[in-house]
Amino acid sequence: MASSTELNMENLDPPGTVHSSVLGLVDQNGHSKSSEKIEDRPDITYGIDDVPPWYLCIFMALQHYLTMIGAIVSIPFILTPALCMREDDPARGHIISTMIFVTAIVTFIQNTFGCRLPIVQGGTISFLVPTLAILHLPQWQCPAEEQMNNMTSEERTELWQVRMRELSGAIAVSALVQVFIGVFGVVGVLLKYVTPLTIVPTVSLVGLSLFENAAEAASKHWGISVSTIIMLTVFSQCLSEVKVPGINYSKEEGFKIVWFNLFKLFPVLLTIMIMWGICGLLTLTEALPKGHPARTDVKLRILEDSSWFRVPYPGQWGTPTVSLSGVLGMLAGVLACTVESISYYPTTSKMCGAPPPPVHAINRGIAIEGLGTVLAGLWGSGNGTNTFGENVGAIGVTKVGSRRVIQYACALMLLQGIINKFGAVFIIIPEPVVGGIFCVMFGMIAAFGLSALQYVDLNSSRNLYIIGFSMFFSLVLPKWMVHNADAIRTGSDIVDSILTVLLSTSILVGGMLGCLLDNLIPGTPEERGLVAWGEQMKLVSEPTVHGEYNTFDFPVGMATLRRWKWTSYIPFMPTYHPKKKN
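As a convention, each chain's residues are numbered from 1 in the sequence order in which they are written. In keeping with the model being predicted, local features are shown solely for residues with a pLDDT of at least 70 and side-chain atom pairs are shown and tallied solely at 80 or more, while totals for entire chains, interfaces and linings include all residues. Only hydrogens and water are removed before side-chain values are computed, so all heavy atoms of the structure are retained for them.

As named in an unreviewed UniProt entry, the chain is Solute carrier family 23 member 2 isoform X1, taken from Diaphorina citri. Under the heading Sequence similarities (unreviewed entry), UniProt records this for the chain: "Belongs to the nucleobase:cation symporter-2 (NCS2) (TC 2.A.40) family." UniProt positions are given in the numbering used here, feature names are shortened, and annotations may be inferred rather than shown by experiment.

Okay, structure coming up:
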């Protein structure tokens, strides 16, 4: 199979063609500088630096957009009730639109100037755990239902906006720690102490600690929720290899029928559409009583009251407020996202056929992710940003790892973030359907955290003790704290709030216990999984040869940076090359 030596914007190469740029290093004329044999190259249609034709970019971008939208829309279903917001408040749609808008901005910056991998960065469940811990503080708990019903419209709006301002400030300030980690190259130091036995409780508890939210939504109608779970399971696990016909177009062959894995690409989207349709039929036939959460007409007012166009802007809910307890609580989400994103970088690079990401790209990626979370806080999305695992998986399925495709997806997300009614559409999804999706989605997040156990020795009683205690106790203590929010009385309201939030955040309690126990209790590197983990998370730093283009270089200004020798000492610069230790 011959490789392409130069990019052609208009011509589509045959499927399976491997481009030279997937190897990461080409000269200024576009010719490959690698001596790697073609047979050893990964099976990928478009590599990270390849530019598919624009019409294919649009289709592939839509695919990535549809892949991430399910994760985005799930967050407000948990966040907005905790903010004391009415179920039919049009601002729920505004929050979704804000999340999509910020996702577009952050993803473009990350792809173009950050780690330069084709990843999507957006809202994350990891921030919901500390968010709920903060909102469970006595001063932020919702008033009684009768009291809220007697409030005016302006009072109800201020009720949730003052809470959103508190979250916005906490998210933005705590994310500065992530910016610091990336800018000053602290990633390598962090990974020395953040071991697999730290990751397991931290990430898995993100899903496990939200089981009550999933149960509350699913219990609105267990028949619909269970049907949603079954359908999603069948689509994603049983029919993943079943191909369905579709239409493809190329200049050479025109329109033709192609077969693709529909259920593998869009299991969540298909499940939501089908179950939403079933709920619509139950509503039309009056099989569900008026006002039932499973009816499709319960929240129609949100769609009707939403404007067509609305541009989200920083401080749209008012000036963010900052409290020490909120900032320290949100740090748990920041650190969880940092470790999770770092683990995605080598995986994504491998899927795209690119070399392992160098240390400067990883540092830059974490710094940009932190900057993205700062922007998400200032814009008032009520959440931070993290790498979407769903989109990483989509690269492996579609064999398309082009950076340009993600940049097209950013344009699409930017447009949809401005069309306000689009965000409102997702808010009116029946709650039992959302509950069924939660049961599967949160379970998968927990499983992702548990997958880090593959690196450690599970026959070791030491490891089993650390895993069992760090996970179990981090569920017990926060649960007790939620029901005894005023238990800590040190004489200082600030200290009381800080300790209450920290001890109520399960991912922080679990992560700290796992980290402390694993680093204090004696164990061999092999037993602790450090050897296998070190191979997986190896941070390489290859110097950029003068006059050559590297996948992880900046798109502009590299000639100037190479002339400035001092940039080789800056951890996030493409010219960075630290001295190796003997």
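Structure shown, so let's carry the discussion forward.
1. What about the side chain of S204?
By the secondary structure assignment, S204 is in helix α7 (residues 196–208). A relative accessible area of 0% places S204 in the buried class. A polar contact of 2.3 Å, which involves the side chain of S204, links it to the backbone oxygen of V200. Contacts were defined at the residue level, with two residues in contact if any of their heavy atoms lie within 4.5 Å. Beyond its immediate chain neighbours, meaning those up to four positions away, S204 contacts I199, I445, A446, G449, L450 and M471. Each helix is a run of DSSP H or I of at least 4 residues and each strand a run of E of at least 2, with the numbering of both proceeding from the N terminus. Exposure is judged per residue with a 1.4 Å probe applied to protein chains only, and the accessible area is read against the type maximum: over 50% gives exposed, under 20% gives buried, and values in between give partly exposed. Whenever a nitrogen or oxygen atom comes within 3.5 Å of another N or O atom, the pair is scored as a polar contact, on the condition that within protein one atom can donate a hydrogen and the other can accept it, and that pairs from neighbouring residues in sequence are kept only if both atoms are in side chains.

2. So, the state of the cysteines
Disulfide: a pair of cysteine sulfur atoms within 2.5 Å of each other. Here the structure, examined in full by the defined rule, presents 1 disulfide. Note that C84 is cross-linked by a disulfide to C142, the S-S spacing being 2.0 Å. Handedness here is read from the sign of the S-S torsion; for C84 and C142, about -100°, the answer is left-handed. A residue pair is termed long-range when its members are at least 10 positions apart, and C84 in the loop between α1 (54–82) and α2 (91–113) and C142 in the loop between α3 (128–135) and α4 (145–149) qualify at 58 residues. Residue C84 is classed as buried on the basis of its relative accessible area, which comes to 4%.

3. Thoughts on the packing of aromatic side chains
Any pair of Phe, Tyr and Trp rings, taking the six-membered ring for Trp, is counted once the centres come within 6.5 Å. Such a pair is stacked with planes under 30 degrees apart, edge-to-face with planes over 60 apart, and tilted for the rest. Under the definition given, this model contains 6 aromatic pairs. Judged by centre distance (4.7 Å) and plane angle (40°), the ring pair of F180 and F184 falls under tilted. Exposure remark for F184: the relative accessible area of 54% places this residue in the exposed category. Their ring planes at 15° and their centres at 5.8 Å tell us that W564 and W566 sit as a pair that is stacked. Taking the relative accessible area as the measure of exposure, W566 reaches 51% and is therefore exposed.

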